[in-house]
Structure formats: structure tokens, C-alpha cells
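Letter by letter, the chains look like this.
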Amino acid sequence: MPAVAVAEAEAEASDRPRRRRRHRVLRRLAVRVPQYVLIILVAASANFALPRLMPGSPIETLLGEDASRLPPEVIAKELADHGLDRPLLDQYGRYLAGLAEGDFGFSFRHRREVSSMLRERLPWTLLLVGTAIVISTILGVALAAFAVWRRGRRRDAASIALFTFLESTPPFWIGLLLLIWFGATLKWLPLFGSVSLDRTTGLERIGDIALHLILPAATLVLASVGATFLLARASLLGVVRDDYVLVARAKGLKERTIAVRHALPAASLPIATSVLLRVGGLAGGAVIVERVFSYRGVGTMMLEASLSRDYPVLQGGLFVLTAVVVGVNLLGDLLYPRLDPRVRR
Amino acid sequence: MKRGRRTSRTSRTLTIVGAVVLAVFGLLAAFGAALAPYEAGERAGRPFLEPSADHLLGTDDVGHDILSELMGGARVSLAIGLAAAAVAIVAGGLVGALAGYRRGAVDAALMRTVDLALVVPTIPLLIVLASYLERGMRSQILVVAVLLWAEPARIVRSQVLSVRERRYVLAAKTFGARGPYLLRRHVVPAVTPLLIAQFVRVVSIAILFEVALSFVGLGDPVRRSWGSMIQFATDRGAFLTGAWKWWIVPPGLCVAFVVCAFAFIGLSLEERVDRRLVRSTGT
């Protein structure tokens, strides 16, 4: 057979599974994407409905707590300005149209667009949560692999107990203790904020941001590494009894090679799924942890808003965080087939 | 075989540890007010006292005895955690049972709602809901329950679906057994252990949520819980002085012990339920 034909045949053979994979991804997306759109729509609608369902005048929840003390003609004008005198369905349509253009309304307290506040805050939260999830996943899986390969009854019980205890500790409390120890007592790390106020540039600024990131990220890692450990341990335990691990061992492979090349890839699917599913929980935990460190993310913004009942800011924050979680889930759907060896072949 | 024994010994230890811790805190919650050295809200000494024989954990910024507050906080945190979990389990159980029983369109609609509730980030939603409602114990219970009903609903649904396909249920049906009888005789006994395990799990999450909510100032403004103790301590700058050792550390440890005790018991309950599931599907 001429060399060109062989190459073509090989190319076709290697192309076929790829096409099949793409097909599966598309089918999966066809089911998931409408669900995600629905979730976003419901979250948006809840934000629309909540202030209108709550007891008391919508003016208070939409214009701020002091609004009802204003003279009636001012209130009427404000209502008209915000389109609140129109029929509900009309209001809803305008609300959704505004949201599609990135209009999240206007903060009562800060007298500025919620969307511009979000643009300022979201990157910090993403940086914090992203750093924490990468580190806690690597750490959790590594510890689990170690625990599974060196297992014994005592050690099993101790590790389960330890990580369950870590899971049971309020994350913000861990954060406080870290802050007290490394910030206030040893004075190694900054006490608050996400970046120093004095204007630094370039490398210095990056170093400064990293320095501010250490404590909040460490807090989130400590708070979430237990769940990763327990899950990774369970799925690795399921794998190590499989035949191919026995075969690998019979071939005389080193234990570490078996762990890294055979067991971990097989166990990675449930781990990856759970990591992606937990992004939501971690983003939520970050909200509280941000407040401990006065980190300038969405969470601190929402908590400040909750105390002054600045509803548009609260709703904008919730909406954006929901969108991030949905986005991560979508990413998971796209990556899933790449991790699943049965589809990859 | 060998493995089954090994895990069950571990889980027995965990259960005993959990039960002992829970018993201690349960007693504290029930009789803490009577056992505490000082009345709640009593100005027992000068502000910011360090620990001494009179005040084992010192006093706070207005002279409340911190140990007495800690003992009182047990009741608030446990009560809210248990009540919220009860509401969540009942609601989730009903939704799950309905979805599994009716199937079809009802099932699809309910389960899409469950998916939705599972995706929305919980703590941000907790904050938004809590800001809309009046601050107080009842709304705290409600808000926490709203966030936790979805997982039990999904688990109950799949259990109901699997029970209705089992041979003994089909056999009972061919003998003419009808809805209420099947429910009482077969569905409820199959679902109850799952619900109990879920309840224990949910309590531990609910307590953590309550503590977080109180810590950020969205809790009950009147009753002092472990979360609001930590909040007050940080707001009064307890970490700049040495006061954090007796003001911030103890309430956090109490939360961790209680939540961990529930988690331990939940772990072994789940394991036991799992084994029953394996047995009943295996035969």
C-alpha cells in the first residue's frame, strides 16, 4: 500500500473517534444549555420578584429605606423614572432587556451603577476562588493518594476524623485565627484588603497582590481540602481493587507509577466532577471569608449592601455569582468527555 | 468481609465520640442557663477582664461573663440547626416522595426545581434572603431550610422510584395492595433510614449556616449565638489584644465540635444505610 494511502487511512481512523466525541459533547450540551439558560432566567426573575413580594412598599426596597419619608410628588416622579407605575409585565420585560445589556440597576448607597461596581469586584473574587480551588484540589488528591497507598486501620480512622473535623470548622473562624496569628501577632502578612493603597506598579504590585492573597486563599483551601480528600480517597479506593491495578503490579511496576499512571486517571472523573460542582459552595464560602480579610471582592460588597439594605447591589452580586457557577458547570460539561477514557478512545 | 468489619469498627468509634460530644452539648443547651455562673445579659464584672477564678473566660466589652454567654449560645445554635434541618427534611421528603410517586410531568417539574436549587450558590442566596426578611430566629430557620431541602428531595425521590420497582412491592400489588397500605408498609420503612441519615447531615450544615449568618450580622439581634459572639469579639478588636484566646477561640471550637459530632454520626448512619441498600438490591 502506498505511504500516502496509509497516512490517509490512519488520519481517518484517528478522526472518527474525535468526530464521535464531538457528537457526544454536542448532545450533552443540547440537554444542559437550556437548563442553564432556565436557571439564569429564574435567578433573574427571582431578583425581579423578591422586592415586589416583600411586605411594605416596593419604594423602600427599590429606592432605599428613607424613600417613604419623601414628599408624594417626589415619590411619584421617582416611580415614573424607574418605570414602577407601568404594568408588571411591562416592567418585567424592561428589566430583562436591561439585564441583557448588563444593566443591574443603581446602588442606593453608593449612587453609582451596580454593573461598574461588579466589574471592579468580580476579578478579585475570581482570583481568590480560582487560586483556592486549584491548590485545594491538588493538595486533596495528593493527600488522598498518599493515604490510600499507605493505608492502615489507625491511619484511615485518624485521617477521616481529622478531615471531617476540618470540614466542620467554620471557614471564617479559621480565617480569623490565621489573621490573628500571621497578620496581627507575627506581622508577616497584611491584615486586610486585596492590594495596598499606595500606588505600586508592575512586579511590585503583583507581589503585593499575591501577599494579600495568601491568607484568604489559605483559609478557603483549609476549608475545602477535606471534602476533596474524602472524595478522592473514596474513588481511589474503588479503583485500587480493579484488575488492571493488579496486572500493573504483576508486571512489576513501581507503586508510584501505578498510582500516577493507572489509578489517578481512572479516579479523576468523579473528582473533577465534584470539584466543579463545589465551585458554587466555595464561591459562597468566599463571601464570608472575604469579609474577615476585608478582601475587595463581590462578597464584601454584598455584605456591606446587606447591612444597609442596598438591594440592587445584593441582587447584582447574587446574579453574577450564579452566572459564574453556571459557567463553570458548562465548562465541566465541555471537559467531561476529555476526562472520560471510555469516550476518549 | 474483612473490609466490612474494619470500616464498621471505625464508624462505631466515630459514633461513640459523636454521641458523647452531642450529649454534652445537648445538656448544655437544655440546662446551660441554669448551670451558667451568671445570668444572660448580666453585667457580671468590669469590661475586658482577663480569665480568672470568677470569670473562667474573662468578660466582654460590656462586662458580660463570656463562659455564661458560651453556654447560652449552645441553645440558640442547636435549636436553629435542628429546627431548620427538620423543616428542610420534611419539605424535601414531601417533594421527593411526590416526585417519585407521581412521576411524569410533576416529577420533571419538581426535579428541575431541585437542580436549580442545587446550582444557585447557597451562601450568597442566604445573605440576600436574610436581608429581605426581618432579623429573628424564625426567619433564620426558614432561610436556612430553603437552602437545604433540595438534596434530601433528590435522595428520597430515587429511593421511592427504586422501591416501587422491587419484587416484593410488585408482589404486594398483584395481591391487591393499594396506595396507603403500600406507602405505610413498604415506602415509609424504606425511606425513613435515609431521611434520618440526611437529617443528621443537614443539621451539621444548618448549624454552620446559622453561625455564618450571625457572624456577618444577619442573625437574631436579641439572642447571642456562637456566631454573633465571634462577630462582637472581632468588631471590638479582640485580635489586637490577647482577648481572642478566650473570646474568639472557644465559640469557634464549640461550633466545630458540635458540627463534627453530627458529621461523625451521619457518616456511620450513611454507611449503615448504604449497606442495607446494597443488600436489598443485591437479592
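What counts and how
- Residues numbered from 1 in each chain as written.
- Chains lettered and ligands numbered in written order.
- Predicted model: local features only at pLDDT ≥ 70, side-chain atom pairs only at ≥ 80, totals over all residues.
- Helix = DSSP H or I, 4+ residues; strand = E, 2+ residues; numbered from the N terminus.
- Buried ≥ 20, exposed ≤ 12 C-beta atoms within 10 Å, placed from the backbone.
- Contact = placed C-beta atoms within 7 Å.
- Axes fitted to C-alpha atoms, helices over the stretch in contact; angles between N-to-C directions.
- Parallel < 35°, antiparallel > 145°, perpendicular 65-115°, else oblique.
- Left-handed = near helix turned anticlockwise from the far one by under 90°.
- pLDDT = per-residue confidence, 0-100.
- Core = buried A, V, L, I, M, F, W, Y, C linked by C-beta atoms within 7 Å.
- Nonpolar A, V, L, I, M, F, W, Y, C, P; charged D, E, K, R; others polar.
- Expected span 1.5 Å × (residues − 1).

1. Things to note about the overall build of chain B
Next up, step 1: Broken down by element type, chain B carries eleven helices and zero strands.
Next up, step 2: When the helices and strands of chain B are placed in sequence order, the string is α-α-α-α-α-α-α-α-α-α-α.
Next up, step 3: Counting across all 283 residues of chain B, residues that qualify as buried make up 50%.
Next up, step 4: Of all intrachain contacts in chain B linking residues separated by at least 6 positions in sequence, the fraction that spans at least 24 positions is 69%.

2. Overview of the overall build of chain A
Next up, step 1: In terms of helices and strands, chain A carries 13 helices and zero strands.
Next up, step 2: Along the chain direction, N to C, the helices and strands of chain A fall in the order α-α-α-α-α-α-α-α-α-α-α-α-α.
Next up, step 3: Here chain A holds 345 residues, and 31% of them are scored as buried.
Next up, step 4: By sequence separation, contacts in chain A at least 24 residues apart represent 71% of the contacts at least 6 residues apart.

3. Observations regarding the packing of helix α2 (residues 66-102) of chain B against helix α8 (residues 179-215) of chain B
Residues and elements named next belong to chain B.
Next up, step 1: Direction vectors running N to C along α2 and α8 enclose 130°, while the axes themselves pass 8 Å from each other. Between α2 and α8, the angle is such that the two are oblique. For the pair α2 and α8, the sense of crossing is right-handed. Facing S77, I80, G81, L82, A84, A85, A88, I89 and G93 of α2, the residues of α8 in contact are L195, Q198, F199, V202, V203, A206, I207, E210 and V211.

4. Here's the deal with the confidence of the model for chain B
All names here are of chain B.
Next up, step 1: With 94% of its residues at a pLDDT of 70 or more, chain B has an overall mean of 83.
Next up, step 2: Throughout residues 1-6 the model reports pLDDT below 50, and contacts reaching past four residues in sequence, or to other chains, amount to one contact.
Next up, step 3: In this model, residues 278-283 is a region of pLDDT below 50 whose contacts with residues beyond four sequence positions or in other chains number zero contacts.

5. Some points on the nonpolar core
Next up, step 1: Of all hydrophobic cores here, the largest spans 157 residues; its most connected members are A84, L126, L148, A206 and A212 of chain B.
Next up, step 2: Ranked by the residues each element gives to this core, the list is headed by α8 of chain B, at 19 residues.

6. Quick word on the interface of chain B and chain A
Next up, step 1: Facing 39 residues of chain B, the contacting portion of chain A comprises 44 residues.
Next up, step 2: Secondary structure elements with two or more residues in the side of chain B that touches chain A: α1 (2-35), α3 (104-119), α4 (122-132), α8, α9 (226-235) and α11 (249-282) of chain B.
Next up, step 3: Of the residues contributing to the side of chain B that touches chain A, the split by class is 29 nonpolar, eight polar and two charged.

7. As for helix α7 (residues 167-174) of chain B
Next up, step 1: The buried fraction of α7 of chain B is low, at zero of eight residues.
Next up, step 2: Phi turns positive one or two residues past the end of α7 of chain B, at G176 of chain B, with a value near 95°.

8. Here we look at the confidence of the model for chain A
Reading predicted coordinates in detail is not appropriate for stretches of low pLDDT.
Next up, step 1: The share of residues in chain A with pLDDT of 70 or more is 84%, and the mean pLDDT across the chain is 80.
Next up, step 2: By mean pLDDT, the top-scoring element of chain A is helix α5 (residues 114-149) of chain A (90), and the lowest-scoring one is helix α13 (residues 341-344) of chain A (54).

9. Concerning α3 of chain B
Next up, step 1: Taking 1.5 Å per residue as the helical rise, α3 of chain B with its 16 residues ought to reach 22 Å, and the 23 Å between its terminal C-alpha atoms agrees with that figure.
Next up, step 2: Turning to α3 of chain B, its buried residues number three or more, namely V114, A117 and V119 of chain B.

10. Some details on the environment of L191 of chain A
Residue and element names in this part refer to chain A.
Next up, step 1: Its place among the elements puts L191 in the loop between α7 (171-185) and α8 (202-240).
Next up, step 2: The partly exposed category is assigned to L191, around which 16 C-beta atoms lie within 10 Å.
Next up, step 3: Remark: the alpha-carbon pair of L191 and Y295, spanning 104 residues in sequence, is separated by 9.9 Å.
Next up, step 4: Once you skip the residues sitting within four places of it in the chain, L191 turns out to touch L179, G183 and A184.

11. Observations regarding the packing of helix α10 (residues 255-292) of chain A against helix α11 (residues 298-307) of chain A
Residue and element names in this part refer to chain A.
Next up, step 1: Two numbers describe how α10 lies on α11: the axes approach to 7 Å, and their chain directions differ by 80°. Classified by the interaxial angle, the pair formed by α10 and α11 is roughly perpendicular. Two secondary-structure elements touch here, α10 through A286, V287, I288, E290 and R291 and α11 through G299, T300, M302 and L303.
Next up, step 2: For the contact of α10 with α11, the per-class residue count stands at five nonpolar, two polar and two charged.

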